[in-house]
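A look at the structure
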Amino acid sequence: MKLQTLTAVALSTALVSGSALADLVIPDLSYRTGPYAAGGTPFSDGFQDYLKMLNARDGGIGGEEIRILECETGYNTEKGVECYESTKGEGALIYQPLSTGITYQLIPKATADQIPLHTMGYGRTSASNGEVFNWVFNYPANYWDAAGVIVNYLLDENSGDLKDKDIALVYHNSAYGKEPIRTLEALAEIHGFNFKPIAVDHPGQEQKSQWLQIRRERPDYVLMWGWGVMNQVAIQEAANIGFPMENFIGNWWSGAEHDVTPAGAAANGYKSLNMNRIGDLPVFAEIKKHVHEEGNASGDGSNLGTVLYTRGMYAAMLAQEAIAKAQEIHGVADVTPVMVRDGMEALAISADRMTELGMENIGPEFSVSCEDHGGSGLGIVQQWDAGEGKWVALTDYIEPNDDVTGPLIDEDSAAFAKEAGITPGCYAG
Amino acid sequence: MSADFLYGIEVILNGLMAGVMYALVALGFVLIFKASGIFNFAQGVMALFAALTLVGIMEGQVPFSHLINEVFGTEVHHFGWHVPALLAIAITLFVMVAFAWAVQKFLFKHLVGQEPIILFMATIGLAYFLEGFGDLMWGSNIKTLNLGLPQGGSRVIEDMTAKLGGDDFYGFFIDKLDIVATGVAIVLVLSLICFSQFTKQGRAMRAVADDHQAALSVGISLNFIWVLVWSLAGLVALVAGVMWGAKSGVQFSLSLIALKALPVLMLGGFTSIPGAIVGGLIIGVGEKLFEYLIGPMVGGATENWFAYVLALAFLVFRPQGLFGEKIIERV
């Protein structure tokens, strides 16, 4: 009897672990606690809700159930690396760290472990050179694209002439905040505007000096590369000094609802970039039906439809499409990280496909290749309507400045390749 | 007068105002350190917790709603009412007193006689516990503080002073919130001084601060005094949380304001209430002036760095800080 029982237990364990191994494991390096929780929570809610919806509605991707592995990073680089190390052994297919600091640490690790990284609109910009960064993808856009999109928007607003305009950049004094400076300096030379970077120290709770300087120097436009409390304080300080909000433009990490609501009506007119459109998408009804109404919402369910929730959902959709493409290429449902990398490199997101997924026009159309892991780089400009309490898209997708950023990407990635001893080329397995 | 000179004065004025905001945080540290010798690492988190509690009560939020919904499968988030600000402040103060009692009862009562480093480590643990507890109780989203505090530059001051300079001078910018914070800080400090000088409990508090054992020998309850001191630190934390939270919304980064108080304490001394104020003002003016004059030459963002350098310089010449008690140990 004892032997029979043991055999039964062993068999059941093998079956259970066998089915667990067959899952599509997608880690979610989230941050729901700490100083940056207000941004991390809605993103993670959107990311997880969409994947849960795929499980509930479609049985996962290609018939394979998705297993989400959430790990709390607190937006802390060390914890992020710990999360990576503790989850990669579970068969993780793709990592989206949602932090530039964590991304920089994971690039060599993920490359060595052959697990793809997707850093959507953050991380190391030159990773869009796929011949150097075989395992890193930053589609659909990166920071340098964002700088180009903003300048193109301002050119459009000023009849194509920014000569002698004063443009200041208020930036988080970190690797993330400094990312657009090179591009903006290059664009300042081309278009003849005066560029002034103004640093704000972490966390950005106190910015009086920076805004007094802006009040003294009265630039025509202020751009912002902020995250966390820096955004809310900057918007409040801009309102305090009476800076015209319509001339204050943040990047896509400085343009969520919680960035503007603390300043109340004073934030009306503030603009920001967005890499994804917002609005009432048909997919939200599906998420409500299959996830929220079943009591499986991530978090308290209150973030559905917000800017960062939508972006998290968009990120999950891009992971889904890459996995589906990998399944198609390799003819198996139970794909490996190496196969997912192939799927990411062969990814093509069309308008029809986005509509089919219930996310019409959520992002720009783009395709990925061995050489280009960065996507199209397009972005929209949105404006905060404090009266209605919502973001309103002001533009269609705007082109970046590939002719300016392209050489910078080549230069930076070549330097990385030299330093890391990488011979550029497409991944050959 | 030249615009540069006038803008220099504007920077000094704003530095003084910023210094008051730093001093508000530093005061809480001083109160506890003076009475019990504990460097309370959790003071910043207490400011966050107090502000979270105030907004949660005002908005009629159900505490621990996420946990309740998870356990019982319910969907409760709000009571459906809004509590008037004054009543909400009173309830929050009650919560902070309850917190002070709990800290004494469940933590420090068991650590009597331990080394200062043990007590300090305990406050680090307390900070992490309270941060997680606040998250569980009120959630991690950013909350808007609607106390009706004025925001924005004072137009009156701006218009009155605009004539002092030429066309390139736009008048002094003084934030109305900073003016209110200064007024509140003055009232708070005067109240604390009056309390410690003219009330029985205040005198008992000072006696404990001077010599625990002597105070105990004349019948003063150390437990009561420590609960009282932690309650007062809770009151100071609420004021600091409200003032800082009004700028940025109430969010978890508020706990980091403690970092702004450390150089103030190093400079002013850990045991002096006037020291916290003067230290705050010196740090505020010093860092703002340095950023204005030297910052542009070195890439800016010098304030955090300079505050600590200034405090370190003071430490070298006066280790007990400007107003701290000189420690003489006989060997």
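Residues numbered from 1 in each chain as written. Chains lettered and ligands numbered in written order. Predicted model: local features only at pLDDT ≥ 70, side-chain atom pairs only at ≥ 80, totals over all residues. Heavy atoms only, no water.

**Remarks on the interface of chain B and chain A**
Condition: Residues count as neighbours in contact if any of their non-hydrogen atoms are within 4.5 Å of one another. Put simply, buried area is the surface a 1.4 Å probe can reach on two separate parts but cannot reach once they are joined, added for both. Any carboxyl oxygen of Asp or Glu within 4 Å of a side-chain nitrogen of Lys or Arg constitutes a salt bridge here. Between N or O atoms, a polar contact is any pair within 3.5 Å; within protein, one atom must be a potential hydrogen donor and the other a potential acceptor, and residues adjacent in sequence are included only when both atoms are from side chains. Helix numbering and strand numbering both begin at the N terminus, where a helix is a DSSP run of H or I of at least 4 residues and a strand a DSSP run of E of at least 2. Gly falls in the polar group here, along with every residue not listed as nonpolar (Ala, Val, Leu, Ile, Met, Phe, Trp, Tyr, Cys, Pro) or charged (Asp, Glu, Lys, Arg).
Contact residues are listed per partner, giving 40 residues for chain B and 35 residues for chain A. On the chain B side of the contact with chain A, Tyr170, Phe173 and Lys247 of chain B bury the most area, a combined 18% of that side's loss. At the boundary of chain B with chain A, the tally comes to six salt bridges. With a closest N to O distance of 3.7 Å, glutamate 158 of chain B and arginine 215 of chain A form a salt bridge. At the surface where chain B touches chain A, the tally comes to 14 residue pairs in polar contact (both at pLDDT 80 or more). Looking at the side of chain B that touches chain A, the elements that each hand over two or more residues are helix H1 (3-36), helix H5 (116-138), helix H10 (222-248), helix H12 (273-293) and helix H13 (303-317) of chain B. Among the elements that line the side of chain B that touches chain A, the one with the most residues is H1 of chain B, at six residues. In the side of chain B that touches chain A, the residues fall into 15 nonpolar, 15 polar and 10 charged.

**Considering the pairing of strand S13 (residues 390-393) of chain A**
Residues and elements named next belong to chain A. Going by this rule: By the convention used here, strands pair only if DSSP detects at least 2 bridges between them.
One ladder, built from four bridges, connects strand S12 (residues 380-385) with S13; its direction is antiparallel. Opposite aspartate 385, over in S13, you have lysine 390 as the bridge partner. Between the end of S12 and the start of S13, which pair antiparallel, lie four residues, with glycine 389 showing a positive phi angle near 65°.

**Quick look at the packing of aromatic side chains**
The relation between two aromatic rings is expressed through the spacing of the ring centres and the mutual angle of the planes. Rule in force here: Working definition: rings of Phe, Tyr and Trp (its six-membered ring) pair if their centres are within 6.5 Å, and the pair is stacked with planes under 30 degrees apart, edge-to-face with planes over 60 apart, and tilted otherwise. Residue exposure (1.4 Å probe, protein chains only): buried if accessible area is under 20% of the type maximum, exposed if over 50%, otherwise partly exposed. As a reminder, the over-ring test applies to NZ of lysine and CZ of arginine, requiring each to be within 6 Å of the ring centre and within 35 degrees of the ring normal.
On inspection of all chains with the given rule, the structure shows 35 aromatic pairs over all chains. Arranged with centres 5.9 Å apart and planes meeting at 85°, the rings of tryptophan 101 of chain B and phenylalanine 106 of chain B form a pair that is edge-to-face. For tryptophan 101 of chain B, a relative accessible area of 46% corresponds to the partly exposed category. By way of ring pairs, the aromatic residues Tyr31, Tyr36, Tyr75, Tyr122, Trp227 and Trp253 of chain A are connected into one cluster. Lying over the aromatic face of tryptophan 253 of chain A, arginine 311 of chain A brings its terminal NZ or CZ to 4.8 Å of the ring centre.

**Notes on the packing of helix H2 (residues 37-58) of chain A against helix H12 (residues 307-330) of chain A**
Residue and element names in this part refer to chain A. Basically, it comes down to this: With axes taken as lines fitted to C-alpha atoms, and helix axes fitted only over the stretch in contact, angles between N-to-C directions fall between 0 and 180 degrees. Oblique is the label for every angle not falling under 35 degrees (roughly parallel), over 145 degrees (roughly antiparallel), or within 65 to 115 degrees (roughly perpendicular). Here a crossing is called left-handed whenever its near helix is offset anticlockwise from the far helix by less than a right angle, and right-handed whenever the offset is clockwise.
As a packed pair, H2 and H12 sit with axes 7 Å apart at the nearest point and diverge in direction by 45°. Taken together, the axes of H2 and H12 are oblique relative to one another. Every pair of crossing elements has a handedness; the one defined by H2 and H12 is right-handed. Across the interface between the two elements, Gly39, Pro42, Phe43, Asp45, Gly46, Phe47, Asp49, Tyr50, Leu51 and Leu54 of H2 pack against Leu308, Tyr309, Arg311, Gly312, Met313, Ala315, Ala316, Met317 and Gln320 of H12. Of the residues in the contact of H2 with H12, the class split is 12 nonpolar, four polar and three charged.

**Side note on the environment of serine 2 of chain B**
Mapping serine 2 of chain B onto the fold places it in the segment before H1. Taking the C-alpha atoms as reference, serine 2 of chain B lies 60 Å from leucine 111 of chain B; in sequence the two are 109 residues apart.

**Comments concerning the side chain of glutamate 237 of chain A**
The topology assignment puts glutamate 237 of chain A in helix H9 (residues 229-240). For glutamate 237 of chain A, a relative accessible area of 2% corresponds to the buried category. Not counting residues up to four positions away in its chain, the partners in contact with glutamate 237 of chain A are Lys208 and Trp211 of chain A together with Lys247 of chain B.

**Some points on the state of the cysteines**
A disulfide bridge is the covalent bond that connects two cysteines by way of their sulfur atoms. All names here are of chain A. Just so we agree on the cut-off: Cysteine sulfur atoms that come within 2.5 Å of each other are treated as a disulfide pair.
Scanning the entire structure with this criterion turns up two disulfides over all chains. Each sulfur of the disulfide joining cysteine 71 and cysteine 83 lies 2.0 Å from the other. Judged by the torsion about the S-S bond (-75°), the cysteine 71/cysteine 83 disulfide is left-handed. Placement of cysteine 71 in strand S2 (residues 66-72) and of cysteine 83 in helix H3 (residues 77-87) is noted, with a sequence separation of 12 residues between them. A single burial state applies to cysteine 71 and to cysteine 83, both of which are buried. At a sulfur-sulfur separation of 1.7 Å, the disulfide partner of cysteine 370 is cysteine 426. Linking cysteine 370 and cysteine 426, the disulfide has an S-S dihedral of approximately -95° and is accordingly described as left-handed. Of this pair, cysteine 370 sits in the loop between strand S11 (366-367) and S12 while cysteine 426 sits in the segment after helix H15 (402-420), placing them 56 residues apart in sequence. Judged by relative accessible area, cysteine 370 falls into the buried class, the value being 11%.

**What about the side chain of serine 36 of chain B?**
Its location among the elements puts serine 36 of chain B in helix H1. Among the polar contacts listed, one links the side chain of serine 36 of chain B to the backbone oxygen of isoleucine 32 of chain B, at a separation of 2.7 Å.

**A word on helix H7 (residues 181-191) of chain A**
Residues and elements named next belong to chain A. Note the following rule: The directions from the helix axis to the C-beta atoms are what the arc is built from.
Turning to H7, its buried residues are Ile181, Thr183, Leu184, Leu187 and Ala188. Projected down its long axis, H7 carries its buried residues within an arc of 155°, all on one side. Relative to its buried face, H7 has exposed residues pointing more than 90 degrees away, namely Glu189 and Ile190. Turning to H7, the residues buried within the fold contact helix H5 (143-157), strand S5 (166-172), helix H6 (175-178), strand S6 (194-200), strand S7 (221-225) and H15. Residue glycine 192 follows H7 closely and has a positive phi angle near 80°.

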